[in-house]
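These are the residues of each chain, in order.
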Amino acid sequence: DAGVIQSPRHEVTEMGQEVTLRCKPISGHNSLFWYRQTMMRGLELLIYFNNNVPIDDSGMPEDRFSAKMPNASFSTLKIQPSEPRDSAVYFCASSFDSGDGGELFFGEGSRLTVL
Amino acid sequence: GESVGLHLPTLSVQEGDNSIINCAYSNSASDYFIWYKQESGKGPQFIIDIRSNMDKRQGQRVTVLLNKTVKHLSLQIAATQPGDSAVYFCAEAGGNTGKLIFGQGTTLQVKP
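Summarised in this report is the structure supplied together with it.

The rules behind the values
- Residues numbered from 1 in each chain as written.
- Chains lettered and ligands numbered in written order.
- Predicted model: local features only at pLDDT ≥ 70, side-chain atom pairs only at ≥ 80, totals over all residues.
- Heavy atoms only, no water.
- Helix = DSSP H or I, 4+ residues; strand = E, 2+ residues; numbered from the N terminus.
- Rg over C-alpha atoms; globule rule 2.2 N^0.38 Å.
- Contact = heavy atoms within 4.5 Å.
- Areas by Shrake-Rupley, 256 points an atom, 1.4 Å probe, with all protein chains shown as cover.
- Lys, Arg positive; Asp, Glu negative; His and termini not counted.
- Charge placed at Lys NZ, Arg CZ, Asp CG, Glu CD.
- Disulfide = S-S within 2.5 Å.
- Buried < 20%, exposed > 50% of the residue type's maximum accessible area, 1.4 Å probe, protein only.

**Some words on the overall build of chain B**
Part 1 of the argument: In terms of helices and strands, chain B carries zero helices and ten strands.
Part 2 of the argument: Its helices and strands taken in sequence order, chain B reads β-β-β-β-β-β-β-β-β-β from the N to the C terminus.
Part 3 of the argument: In summary, chain B has a C-alpha radius of gyration of 14 Å against a globular reference of 13 Å for 112 residues, a match within 12%.
Part 4 of the argument: Overall, chain B is about 40 × 40 × 25 Å in size when its C-alpha atoms are taken along their principal axes.
Part 5 of the argument: Contacts in chain B between residues at least 24 apart in sequence constitute 53% of all its contacts with a sequence separation of at least 6.
Part 6 of the argument: Carbon and sulfur atoms form 46% of the exposed surface of chain B, whose accessible area is close to 5900 Å².
Part 7 of the argument: Averaging the coordinates of the 10 positive side-chain charges in chain B and doing the same for the 9 negative ones gives two points 5 Å apart.

Laid out in structure tokens, this is it:
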């Protein structure tokens, strides 16, 4: 079975450039999460969606970050403009949430380096 | 300048011994807890979960214990193997949301 699919796996860009990370959740899952992992701060929840609707974006660092989920099978996380401190591994995860939580399945992550 | 990263606690065990990894959670309203394992270069993988109406749950070679009184969670791994070497995270959720908040993680090193 295909798991959560993220792209790109690695991206190196220069400060000021726009970065778009993509995620395809597991088919049938109704919740999607974006996490960021750094050595300094560990795994941080940025935003999560339920049934394609953003539920909690309190973890989004600032206005340079935005996330969309136009349909049940696709989500993007965009950083514009990017800064060196955005360098991290960004994980997408999905779950089937029946209302009381559920196991999150993580993708392999997108490693972003901003020079 | 030099960055300062998180100093993850490290547990070093001999192959074949049992491992116990501990976690203190923060939110007394949390009612769902999960342990994840993360190997280098990969995303976190589910190990075992437990709900707040239980205090113990067993899986294959793993046991999770929950002490709600002191907000403490532990993961026990029996007969630890080299393949168990990884970073282990506890995560909590609650309030009828699927929002999982992760702890800082513990590195498990298994010596052959």
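Anyway, onward from the coordinates.
**Describing the state of the cysteines**
All names here are of chain B.
Part 1 of the argument: The full count for this structure, using the stated rule, is two disulfides over all chains.
Part 2 of the argument: Covalently, C23 is tied to C90 through a disulfide, its sulfur atoms 1.6 Å apart. Pair noted here: C23 is in strand β2 (residues 19-24) and C90 is in strand β8 (residues 86-94), with a separation of 67 residues, a long-range link. Note on accessibility: C23 and C90 belong to one class, buried.

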